[in-house]
Amino acid sequence: MVVVYSKPACGACVATKRALDKAGVSYETVDVSVDSEARDMLVEYGFSAMPVVAPTGDVESWFGGFNLARLREVIAAEAAA
């Protein structure tokens, strides 16, 4: 399952979740404004922009910010699964 790390009042987070919803992709949302462990982990991995989309457990596949091209890849992979 895809995990979307996000925060309140984040336009890019809303746009990312909207794209996943439109494509029918199931995802879990983790609010980094209340989950300090998740926030610290993302900082440790070098992410500074929200959202961070984690399509797999492999950090190399994760990406930050609204990235439509990468979202399309995630959507295609989820559809093929």
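Each remark here, short or long, concerns the structure printed above.
Because the structure is a prediction, the values reported are computed rather than measured. (Residues numbered from 1 in each chain as written. Predicted model: local features only at pLDDT ≥ 70, side-chain atom pairs only at ≥ 80, totals over all residues. Heavy atoms only, no water.)

**Side note on the packing of aromatic side chains**
Then comes step 1: Counting across every chain of the model gives 3 aromatic pairs.
Then comes step 2: Considering the side-chain rings of Tyr5 and Trp62, the 5.9 Å spacing of their centres and the 35° angle between planes classify their relative orientation as tilted. On the criterion of sequence distance, the pair formed by Tyr5 in strand β1 (residues 2–6) and Trp62 in the loop between β3 (52–54) and β4 (63–64) is long-range, its members being 57 residues apart. This pair shows no difference in class: Tyr5 is buried, exactly as Trp62 is.
Then comes step 3: Following the ring pairs from residue to residue traces out a cluster consisting of Tyr5, Tyr45, Phe47 and Trp62. (Phe/Tyr/Trp six-rings, centres within 6.5 Å; stacked < 30°, edge-to-face > 60°. Helix = DSSP H or I, 4+ residues; strand = E, 2+ residues; numbered from the N terminus. Buried < 20%, exposed > 50% of the residue type's maximum accessible area, 1.4 Å probe, protein only.)

**Topic: the state of the cysteines**
Then comes step 1: Applying the stated criterion to the full structure yields 1 disulfide.
Then comes step 2: Residue pairing for Cys10: its cysteine sulfur links by disulfide to Cys13, the two sulfurs lying 2.3 Å apart. The disulfide joining Cys10 to Cys13 has a torsion of about 75° about its S-S bond and is therefore right-handed. Assigned by exposure class, Cys10 and Cys13 land together as buried. (Disulfide = S-S within 2.5 Å.)

**Here's the deal with the nonpolar core**
Then comes step 1: Formed by 13 residues in total, the largest nonpolar core has its most connected members in Tyr5, Val32, Leu42, Met50, Val52 and Trp62.
Then comes step 2: For this core, the secondary structure elements donating two or more residues are β1, α2 (36–44) and β3.
Then comes step 3: Those residues in contact with Val52 that lie beyond four places of it in its chain are Val3, Val4, Tyr5, Leu42, Phe47, Trp62, Phe63 and Gly64.
Then comes step 4: Grouped together as the second largest cluster of nonpolar side chains are 10 residues, Ala19, Leu20, Leu71 and Val74 included. (Core = buried A, V, L, I, M, F, W, Y, C linked by side-chain atoms within 4.5 Å. Contact = heavy atoms within 4.5 Å.)

**As for unusual backbone geometry**
Then comes step 1: A cis amide bond links Met50 with the next residue in sequence, Pro51, at an omega value of -5°.
Then comes step 2: Within the secondary structure, Pro51 sits in the loop between α2 and β3.
Then comes step 3: In the Ramachandran plot, Ala9 falls in the positive-phi region, its phi being about 60° despite a non-glycine side chain.
Then comes step 4: Residue placement: Ala9 occurs in the loop between β1 and α1 (11–23).

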